[in-house]
Structures are given as structure tokens and as C-alpha cells.
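Analysis of the macromolecular model
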Amino acid sequence: MGDHYGDVRVQLGRMKSLGEDAGKEDVDPDEEMPLSSPSASPDPTGCITAVPGTDALSADICKQKGKRSSKNPCGKPLQGFPAHAVKNFNSPLCDQTLHIKGTGKILQGKSAESNGNYVGVHESSNTQEPRCEDDFKLPRKRRPVTVDTSKAKTSLEALKLSIKELQWKEFHTGRRAACDIYWHGVSFHDNENIVSGQVNKFPGMVEMLRKINLSRAVRTMQELFPEEYDFYPRSWILPEEYQQFSTEVLLQHLPKIRMVKESDATESPTFIVKPDGGSQGDGIYLIRDPGDLKLVVGAQAKQAVVQEYIHKPLLIDKLKFDIRLYVLIKSMQPLEIYIAKEGLTRFCTEPYQEPSQKNLSRVFMHLTNYSLNVQSGNYVHSDSQNTGSKRTLSSVLYRLAAKGVDIKRVWSDIIALVIKSVIAVLPDLKVHYQADIPPAKPGPTCFQILGFDILLMKNLKPVLLEVNSNPSMRIEHEQEVAPGVFEYVPSPVDEQVKVGVIRDTLRLMDPFNKKLTATPQPRGGGSDPLEVIPADGDSLDRSPDNAGNLPPLCLKQVYPKYTKQFSHLRLVERIAALFIRFLGVKGNMRLGPTAFRTFIRTCKLSNSNFTMASVDILYIDITRRWSFALADSREAGMGLQAFVEAFFNLAGRRFKSLTLREQVVSLLDLCESHLGPQSGVEDRRSLSCSRALQRGSRPQALYIPHPRPSSPAAQRRATSQDCRPHQRPKPRTLRANVEN
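Residues numbered from 1 in each chain as written. Predicted model: local features only at pLDDT ≥ 70, side-chain atom pairs only at ≥ 80, totals over all residues. Heavy atoms only, no water.

**Considerations on the overall build of the protein chain**
The line we're drawing: Secondary structure is summarised from DSSP: a helix means a run of H or I of at least four residues, a strand means a run of E of at least two, and numbering begins at the N terminus for each. Categorising residues by exposure relies on relative accessible area from a 1.4 Å probe, with only protein chains included: less than 20% of the type maximum marks a residue as buried, more than 50% marks it as exposed, and the intermediate range marks it as partly exposed. By definition, residues are in contact when any of their heavy atoms lie within 4.5 Å. Residue burial considers only the protein chains on display, and all accessible areas are found by Shrake-Rupley using a 1.4 Å probe.
Each helix and strand in the protein chain was counted, giving 19 helices and 23 strands. Taken across its 740 residues, the protein chain has 49% of its residues classed as buried. Across the protein chain, contacts joining residues at least 24 apart in sequence account for 69% of those joining residues at least 6 apart. Of the accessible surface of the protein chain, which amounts to about 36400 Å², a share of 52% is contributed by carbon and sulfur atoms.

Written out as C-alpha cells, the structure reads:
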């Protein structure tokens, strides 16, 4: 008997010292999850308890009916204990554990008392989940998902409601330990110290969805697929394309403009001017004469986009309106797109009339922006989703359906517009992503909610107005409660739509819910019509959470579900993959002259008619032209859009008899056949030794014909002279971005 208790004391001493070492580590008390449950309490009739004050185990031991062995109730041997010391621990139903004070993470409890007694406490959450011999899984409570809301800004109230519904844990002032999800209010760079978890912003999304960059991306796709991208109005970029805009307008519409001045007819061209960095309708105005453009503000040229004005919109109650549709980019690689089944419709506050010289300045008639119309005396705040100046999308669709409109066709066209728009900006986003989060660098994964502003024409064709990287998620509005006294009051329509979008976005990004995060297989049959998105709750997208109090998901996956219909549009992504492959230096977003030459040589694109000297001339011409177009850029070298232009030029030289799309596809196939599959990050670095072009630095000296080294080794040494260590430049500070 003395030997038996002596062995037990030795084992207790070892475990106590082990627990004290583990207790020195930092432990987050919020993440501790006791495993024991009331069902595991000892049976007073069948349990033996060691007497306190002795050196024996202070644990409850259940008597086992049947065969005895040195196993715990789940059939697993207790580590560090002899069989004769634990022979009574093998009850198949009792979840028994050995608990010792002062054991920190491994065995939680208080410090050992001076008399040497030990008190049993619950087992730590970092132990393995118990499982019995009959494969019965003991119940275990999952720790709540943690969300950092310290940078959420105006979306904070909707985010708080969503987190409360999900019963997750919010850290409104941040947290020293890592959180599962970080919610930013403006951009990915709101917090620069995130190395894990998930962030609700993609790097580069703010820059790519500025009006000029979006127009350039869509224009590139219009060159390749003019019929597929006819949903975006014809655009000109100012000030660089002012002469082109003036010439085209004067040549095509000069008779109409003269007629307008004489009779003020409405059948005439009207254009809408949008500042590049504007938001909430600020700085937007309508013109008919190119001479009315406001190109200079102070002493600086103002960058803007001028577009053809849609003068025949669909009207409801004689009012013009647009649709705010929320779209979730859940993943970029692979691409996953979700569309909210419910959205908002924003109405003008004056009856619509086609634009004329007299009413061009009446913004409450022509512009649907909420921030503008809320200042009108005719604006109506309504608690009903069917009335007022802001209504739900479903209420408008039901009203159109009652008039015989084919809602399925409208939804199908909207889905196609969203997918095509995302495909257009995806190449540039991938370049930004690899610059901020290189493949070999630890970093968070990203997702983002975008706000698509869509206008329905009189013939029900959807037109893309713009895409907002920071759509407003405010669920209250300012209201005058007394003369001169304003306060924020709840907006039921906003809360109904926006809280659902945020809540179900969080559900989809839940790191512990594998059923919701799994990607379904793409739908076959590229010729099938797109599925209509139901506006009610009867959806096939039901999650395990529906067993509780949560409603069905309000977000519907549209990609990769419809991959077959749209995969042929992703040509520019393949060009971007070549561009990234030849960048050579982590964190760089510009292609230097040496890297461009390496691309030409590796893909075997030079010949007697297109020498390396011609390559240098092409590089200089395109890079110089884009340097003037991107006046605010401080980086030297060739960006992705300039590389795409150069690629189109090379494709035209190589395959002259084909159409532009066929030329690009043929050149892509040729380059990819010479390169082969890319096996890793180091392969990209080995393809190019272009010097990292620091911000503000000058481009390298270009190629000058000279005798080439005779041996391959000499050529490699000559090429390696351009290799330099690179220090990743800090991201450019973003201008103030106001929510739209």
C-alpha cells in the first residue's frame, strides 16, 4: 500500500511541475472552454472520493461494472500513471479527469495550498477532445468567433447587431491577441499589423474602383468583348482625353448641338461629369457642350470621367431611381461571388424630365444619390419598405412584376453585369494583392462587400453607374426632431437590408463552419439561363444555423456557380499572370525594362523584323504615355494596364490576320507554352532580375546594341548585374475615402 501511494505522489509531483511551467505562458481567459458537463458529475452511490488531507489523489472515481483495465472512460490510457493507480477510472459513462492546482494551461486550478492538499477543477480547453470506445463524441462548446471592430467606423452599429445575433465576441477597442475577423471601415491598410485571420478589405480595391481606373478596366474588356460589355456607358478620361472627347462630340453631334441652341430640343446628346475621387454625388454635373467642362480647379487639372447620360431611364411614380446592390467577394483565388437577394432603391425627389438646357442643373431630378436628395424638402423618410424615397429592391420588383415585367430576365441581366464587372477589375486586384501579401509572406485572407449602383433603362436593360468599395452601412439617418435640433434615428429599411448582408457575410466567413465555407461544384451547361434570385426567404441556401434562430442566408452564390458562362472572359487575368511572373521582386508592381526584355526573350517574341531595339522603343513609348496618364503615381516602370497595351501591340504584330481577341488568345497560348507551369515563387524570381524601381527613381538605361557575350555563362553573369536587393516600399497613403 505504501508503494502504491508513493508511486502516485511521484506522478503528482511531475504533473505539478509541468503545470507550473505551462502556467507561465500567456493565457486568454476569454478562450478557456471547460469540457466537463453536468452529465459527468460523479454518482454518489457508485463513486469513491479520496479523503482530503492525504497525499492520495483528490479525484472522484467511478466504479466500473465489468472488465477493469488501465484506461480512462474513453478507452484511452492515462499518460504517466501505472495501471494499478488508475484501475477505477474506466467507467464508460463518467467523464473523469485528474485535476491538480497550479497547472495553468494543462490542468487549470488555483495554487497549491501550504498543507499540500489538491482540489479538483475542470480540464483545460487545450486538451484533446474526449471520445469513448463506442465512438460517442462527448459534448463540447465551441469558442465564439472573435471580431475586431475598432476600425469599423460608420458600419459599427450594423456590425454590433450582427455579432449579437451570431453570439460572437466583439473587441471594439482592438485586442493584443489575434482575432478571427478584422472589420475595416476604409481600406485594407487601416491596420498594418495583421498577419493572420480575415480582413473585410482587399488590397488595392479602393484604387481600382475609382471612376477612372474602373473605366479603364471596363474599356479594356470592351475592346476584347464589345457585345458582352455594353452595359457600361461610353466614357472619356479627363484631362488626357479632352481633345478626343471634343472632336468626337463636335463631329458626331454638332448639328444636334446647334439645334439645341436654337430650339432647346430634348433629343440631343447630354453628358455627365464625375470627379475621379468624388463620392456621395459631390462634384457631379451635366453638360451638353464640351466647352462647359471644368477642367481646372485652382491651379491644378481636375481628373474626372465624362460619360454619356442615360436619358430614358425606367420611372416609378414619375421618379427616376437606381438600385444599390450589395455584392460579396468571398475569395479572389478561387473567385467566389455572392449577391444579396435584397437591396435598396433610391429615388429622386423631383419628377423626371428629359435633360434640356433649362433643367441640367436640377440635381434632385437627374441624380439619385441619397446624400443629395436627402437635402430636398420633398425627401420622404418612411418606415415602410414600399413607400418613401428609399425602398427595398423586392418591393420595386414585385410592383414591376404586377405590371407584367419579366423579373427573371431582369435578375439574369443583373447577375451577368455583376460577374462581368468583377472579372474586369480582378487582374489589377491580383497585382495589388501579390504586392501587399506576397506568396511567401504570412498574412490574412481577404473578403469584401461592394456596392453596385445600377440603373434600369426604359427597356429594362441594366446599366452600371459605378461600383463603391466602401458602401455605406449606416442604419440610421439624421432627422430634425425640433427646430434646429438634429439627431440620428433608426432607419428600418436600411437596418433590414444592411444588417442581413453583414450578418450573413460573417456567417459565410465563419472560420469554424466548414459547411458554409465549402465551395460547391460549378454548374454545368454554359448555355443555361441564369437562375433568378428569390427575394423572399424561401431559398435553397440554408445553413446549419437555421436550426436555431437565424434566418436563411440572404446571399446567393453566382460564381463559380456560373463558371461555364463567363470563364471565356478571363483573358486579361492570364495576361496579369504573365505580368506578375516577370515582376521578379516581391512587393513590386512595375515592370522594369530588363524584365520586359526577359519576357520577350523567354517567350521568343523577337525576330529579325522585331529586334530588341524595337522592344526598347515599344517599352519607352508605352511607359512614357502612361506616366503622363498617371500623373499622381510616384513609381517608375510599366504597370499592368501599360503591359496589357504592349501585349495587345505584340499580338497584333504576331497575328495580323486575326481579330484582336483571337490575336490575344494566340499570343497567350504561345507564351504559356514556352513558359510551362509555374511551380513556385522562386521560379518567378529566376525569370527576371529586373531592378526594383524605387519610388521617385529614374528608369534604367535601355538596351544599346553591343557585342553579346559568347558563352552562356558570360550571358548569365551579364544578366545578373541587374539583380539588386529590394526593400518593399511602404504603401501610398490613401486620400480620404468617404462612404457612398
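From this point, the narrative continues.
**A closer look at the sheet that holds strand E8 (residues 271–275)**
What links the strands of a sheet is backbone hydrogen bonding, and the strands pair in either a parallel or an antiparallel sense. Spelled out, the test is: Note: two strands are recorded as paired if DSSP finds a minimum of 2 bridges between them. As a rule, the C-alpha atoms of each element are fitted with a line to give its axis, helices using only the stretch in contact, and angles between N-to-C directions run from 0 to 180 degrees.
Within the open sheet, the four strands sit side by side as E7-E12-E8-E9. Their pairing is antiparallel. Edge strands, defined here as strands with exactly one partner in the open sheet, are strand E7 (235–238) and strand E9 (285–287). Taken over all neighbouring pairs, the strand axes of this sheet differ in orientation by 25° on average, direction set aside. Bridge analysis of E8 against strand E12 (residues 304–308) gives five bridges, and the strand direction is antiparallel. Bridge pairing in E12 links Phe271 to Glu308.

**Things to note about the packing of helix H13 (residues 571–583) against helix H16 (residues 640–654)**
Helix-helix packing: each pair is described by the crossing angle between the helix axes and the interaxial distance. As a reminder of what qualifies: The scheme is simple: roughly parallel for angles under 35 degrees, roughly antiparallel for over 145, roughly perpendicular for 65 to 115, oblique for anything else.
Where H13 contacts H16, the two axes come as close as 10 Å, and the packing angle between them is 110°. By the angle class used here, H13 and H16 are roughly perpendicular. Facing Val572, Ile575, Ala576, Leu578 and Phe579 of H13, the residues of H16 in contact are Leu640, Phe643, Val644, Phe647 and Phe648.

**Details of the sheet that holds strand E6 (residues 198–199)**
Strand order in this open sheet of five strands is E4-E3-E5-E6-E18, and the pairing throughout is parallel. Both edges of this open sheet fall to strand E4 (169–171) and strand E18 (445–446), since each of them pairs with a single strand only. Note that E6 and E18 share two bridges and pair parallel. Directly across from Gln198, in E18, lies its bridge partner Thr445.

**Structural notes on unusual backbone geometry**
Here the residue pair Leu238 and Pro239 is connected by a cis peptide bond, since its omega of 10° sits within 30 degrees of zero. Residue Pro560 follows Tyr559 across a cis peptide bond; omega there is 15°. Its location among the elements puts Pro560 in the loop between strand E23 (555–559) and helix H12 (563–566). Here Asp317, not a glycine, exhibits a phi torsion of approximately 55°, which is positive. Relative to the elements of secondary structure, Asp317 occurs in the loop between strand E13 (315–316) and strand E14 (319–332). Owing to a relative accessible area of 41%, Asp317 belongs among the partly exposed residues under this scheme.

**Examining H13**
Definition in use: Any helix carries an expected span of 1.5 Å times its number of residues minus one.
The first and last C-alpha atoms of H13 sit 19 Å apart over 13 residues, in line with the 18 Å expected at 1.5 Å per residue. Of all 13 residues that make up H13, eleven are buried, and the element is covered over most of its length. Of all the positions in H13, only Leu571, Val572, Glu573, Ile575, Ala576, Leu578, Phe579, Ile580, Arg581, Phe582 and Leu583 are classed as buried. Phi turns positive, to about 80°, at Gly584, one or two residues after H13.

**Looking at the pairing of strand E15 (residues 335–340)**
Counted residue by residue, E15 has six buried out of six residues, so it is predominantly covered. Both faces of E15 are covered, namely the face carrying Leu335, Ile337 and Ile339 and the face carrying Glu336, Tyr338 and Ala340. Sheet topology note: the E14/E15 ladder contains five bridges and is antiparallel. Residue pairing across strands places Ser331 opposite Glu336, the latter belonging to E15. Linking E14 to E15, which pair antiparallel, is a turn of two residues. Where E15 meets E23, four bridges bridge the pair, whose relative direction is antiparallel.

**Digging into helix H4 (residues 211–224)**
Compared with an ideal rise of 1.5 Å per residue, which puts 14 residues at 20 Å, H4 spans 20 Å between its outermost C-alpha atoms and is within 8% of the ideal. For H4, the tally of buried residues reaches ten of 14 residues, placing the bulk of the element in the interior. Along H4, the residues that are buried comprise Lys211, Ile212, Leu214, Ser215, Arg216, Ala217, Val218, Thr220, Met221 and Leu224.

**Digging into the pattern of salt bridges**
Rule in force here: By definition, a salt bridge exists where a carboxyl oxygen of Asp or Glu is found within 4 Å of a side-chain nitrogen of Lys or Arg.
Under the counting rule described, the total for this entry stands at 29 salt bridges. Put simply, Lys211 and Glu466 hold a salt bridge, and the shortest N to O gap is 3.4 Å. A residue pair is termed long-range when its members are at least 10 positions apart, and Lys211 in helix H4 and Glu466 in strand E20 (residues 462–468) qualify at 255 residues. What makes Glu466 buried here is its relative accessible area of 13%. Note that Arg216 is salt-bridged to Glu240, the shortest N-O span being 2.6 Å. You can see Arg216 sitting in helix H4 and its partner Glu240 sitting in the loop between E7 and helix H5 (242–263), a full 24 residues away along the chain. By relative accessible area, Arg216 is classed as buried at 8%. Here the salt bridges share partners, and the residues they tie into one network are Glu165, Arg503, Asp504 and Arg507.

**Quick notes on the nonpolar core**
One recurring pattern in soluble globular proteins is that nonpolar side chains are buried together. Heads up, the rule is: Buried residues of nine kinds, namely Ala, Val, Leu, Ile, Met, Phe, Trp, Tyr and Cys, make up a nonpolar core once their side-chain atoms join them within 4.5 Å.
By size, the foremost hydrophobic cluster in this structure holds 105 residues, and its most contacted members are Leu325, Phe452, Phe596, Phe599 and Phe647. By residue number, the principal contributor to this core is helix H9 (residues 407–436), which donates 16 residues. In contact with Phe596, other than residues within four places in its own chain, are Leu591, Val615, Leu618, Tyr619, Met638, Phe643 and Ala646. Grouped together as the second largest cluster of nonpolar side chains are 31 residues, Leu166, Ile449, Leu508 and Leu550 included.

**A few points about the packing of aromatic side chains**
We count it as follows: Aromatic contacts are taken between Phe, Tyr and Trp rings whose centres are within 6.5 Å, Trp giving its six-membered ring; a plane angle under 30 degrees counts as stacked, one over 60 as edge-to-face, and the others as tilted. Either the NZ atom of lysine or the CZ atom of arginine qualifies as a charge over a ring when it sits within 6 Å of the ring centre and within 35 degrees of the ring normal.
Under the counting rule described, the total for this entry stands at 15 aromatic pairs. Judged by centre distance (5.2 Å) and plane angle (25°), the rings of Phe321 and Phe347 are stacked. Here the residue Phe321 occupies a position in strand E14, and Phe347 occupies one in strand E16 (residues 344–347), the gap between them amounting to 26 residues. Judged by relative accessible area, Phe347 falls into the buried class, the value being 1%. Between Phe596 and Phe599, the aromatic rings sit 6.1 Å apart at their centres with planes inclined by 40°, giving tilted as the arrangement. Taken together, the residues Phe596 and Phe599, both in helix H14 (residues 593–602) and three residues apart, mark about one turn of the helix. Phe596 gets classed as buried once you look at its relative accessible area, which sits at 1%. One aromatic cluster is present, built from ring pairs that chain together Phe579, Phe582, Phe596, Phe599, Tyr619, Phe643 and Phe647. Its guanidinium or amino end placed over the ring of Tyr285, Lys294 lies 4.7 Å from that ring's centre, counting from NZ or CZ. Here Arg391 stacks its cationic end above the ring of Phe347, 4.1 Å away from the centre of that ring.

Note that all results are geometric; they support no functional claim without further evidence.
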